[in-house]
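The chain contents come next:
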Amino acid sequence: MEKPIYLKNSEDAKLFNELRKKVNQRIEAIPENRDLYIQIKAIILPLVYFGLYVFALFNVDKPWIYISSFVLMGISLVLIYLNLIHEAAHNNIYKSKKLNSLVLQIFDFVGANSYIWKKRHIAAHHAYPNVDGWDTDIEQSGLLLIVPWIKAKGVQKYQHFFFFLVYPLYLFNWMFIRDFRDFFDNERVILKTQGAIPTKEKIKMVAFKLFYFFYQIAVPVLFFKVSIGLALEAWFLQVIAASIFALFVLLPLHPLPDNAFPKLNEKNGLPFSWLQHQFEVTNDLQENNWFVRNVLGNFNFHVAHHLFPNYSYLYYNEITEEIEKFAKEHNLAYKRFPIFTALGKHVDLLKQNANNAYFILEE
């Protein structure tokens, strides 16, 4: 497939070069290498995850401790994603690509797949955020409609009434459906846009999935005499907790009615330049404190990540200051909302799409 083409705008290209210069100068003036903190996390966070697993196995006679440990594993899984997996995909933890690749493979041990996720994130989401047919993060599931200019059909017309029942199943869909479809379904965005997947990666995906369920469920049952019911309940609650936490972090950043979902024209062209596109489809969150910056991977500063993905999240505070000032000077569409306002806006988007508001407005 021919890739989408951003609108050519020499003025925007000059603007981005000016902004990049300001950001690079700001970062170079910071004396310490902050990425060292992420390198420490690359050791600590996986140890926390598997430490909780071992702790659970040594407390199989105490069901609530066993279940609580698995739920905390779900929370730590999301922290691993935010702090390590995401940064490793952009080669932001170590200077060595091999070491970053090693960290990225943690994803294979926790039920996901590092190979296909990196393709989704770098070659699809970052390349064409919020562009239907190219951004895998907004690929339609059938139950929920995210893209405003696609007409709601069937149950999608009621999605604002039942979305809260679907979202906690987010990671179940990822583990059991999304990964497999992206590997084997030729109608999926990733196969239509990124080409064939090597057979060895398909074998690796299936092998790691089996290993994941082996240590999560089979090991406690076969070797630690955990009942099948308790093993399944603890694992189920772990994935529910991780799903809710993950979406709490991810939903407020792109799929809002305030952000554009640009349509391709008949020549496969996009209506915005690359720089304008990033501002039009992305927003930041107002929350900015030590916990958000250091524990949650600075997810609040998402515009900085899309404009400067080569810097780790530990520099986003300073980068965002430069972006916000620059956007005001040049009338760029920088947006920032409180997190609960943004989550409310996402629900508004679901409601508008269910009611086919886009088509009503067009008519």
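Calculation rules
- Residues numbered from 1 in each chain as written.
- Predicted model: local features only at pLDDT ≥ 70, side-chain atom pairs only at ≥ 80, totals over all residues.
- Heavy atoms only, no water.
- Helix = DSSP H or I, 4+ residues; strand = E, 2+ residues; numbered from the N terminus.
- Buried < 20%, exposed > 50% of the residue type's maximum accessible area, 1.4 Å probe, protein only.
- Contact = heavy atoms within 4.5 Å.
- Core = buried A, V, L, I, M, F, W, Y, C linked by side-chain atoms within 4.5 Å.
- Patch = residues over 30% accessible without salt bridge, like charges linked within 9 Å, V, L, I, M, F, W, Y side chains within 5 Å.
- Areas by Shrake-Rupley, 256 points an atom, 1.4 Å probe, with all protein chains shown as cover.
- Salt bridge = Lys/Arg side-chain N within 4 Å of Asp/Glu carboxyl O.

**Student:** How should the environment of leucine 237 be read in this particular structure?
**Tutor:** Tracing the chain through its elements places leucine 237 in helix H11 (residues 228-250). Overall, the relative accessible area of 31% leaves leucine 237 in the partly exposed class. Sequence separation of leucine 237 and proline 168 is 69 residues, and the distance between their C-alpha atoms is 9.9 Å. Those residues in contact with leucine 237 that lie beyond four places of it in its chain are Ile67 and Val71.

**Student:** Even after reading the chapter, I still don't get the nonpolar core, so can you show me in this structure?
**Tutor:** Formed by 95 residues in total, the largest nonpolar core has its most connected members in Phe279, Leu307, Phe308, Ile319 and Ile323. For this core, the leading source of residues is helix H3 (residues 63-89), giving 14 residues. If near-sequence neighbours (up to four positions away) are discounted, isoleucine 323 is found in contact with Leu19, Phe279, Val303, Ala304, Leu307, Phe308 and Tyr334.

**Student:** Help me understand the side chain of glutamine 159, please; the structure alone is not making it clear to me.
**Tutor:** Turning to its location among the elements, glutamine 159 is positioned in helix H7 (residues 159-166). The buried category is assigned to glutamine 159, whose relative accessible area is 0%. For glutamine 159, the residues in contact, after removing those within four places along its chain, are Leu143, Leu144, Leu145, Leu350, Asn353 and Ala354.

**Student:** How do you make sense of unusual backbone geometry when you look at a structure like this?
**Tutor:** For residues other than glycine, phi is negative in most cases, and the peptide bonds are mostly trans. If you check the backbone angles, lysine 225 has positive phi at about 60° while not being a glycine. Structurally, lysine 225 can be placed in the loop between helix H10 (199-223) and H11. Not every positive phi belongs to a glycine, and asparagine 268 is a case in point at roughly 65°. Structurally, asparagine 268 can be placed in the loop between H11 and helix H12 (274-281).

**Student:** Would you explain a nonpolar patch on the surface in this entry?
**Tutor:** On the surface, Leu36, Tyr37, Ile40, Ile43, Ile44, Leu47 and Val48 cluster together into a nonpolar patch covering about 680 Å² of accessible area. In this structure, isoleucine 44 sits in helix H2 (residues 35-57).

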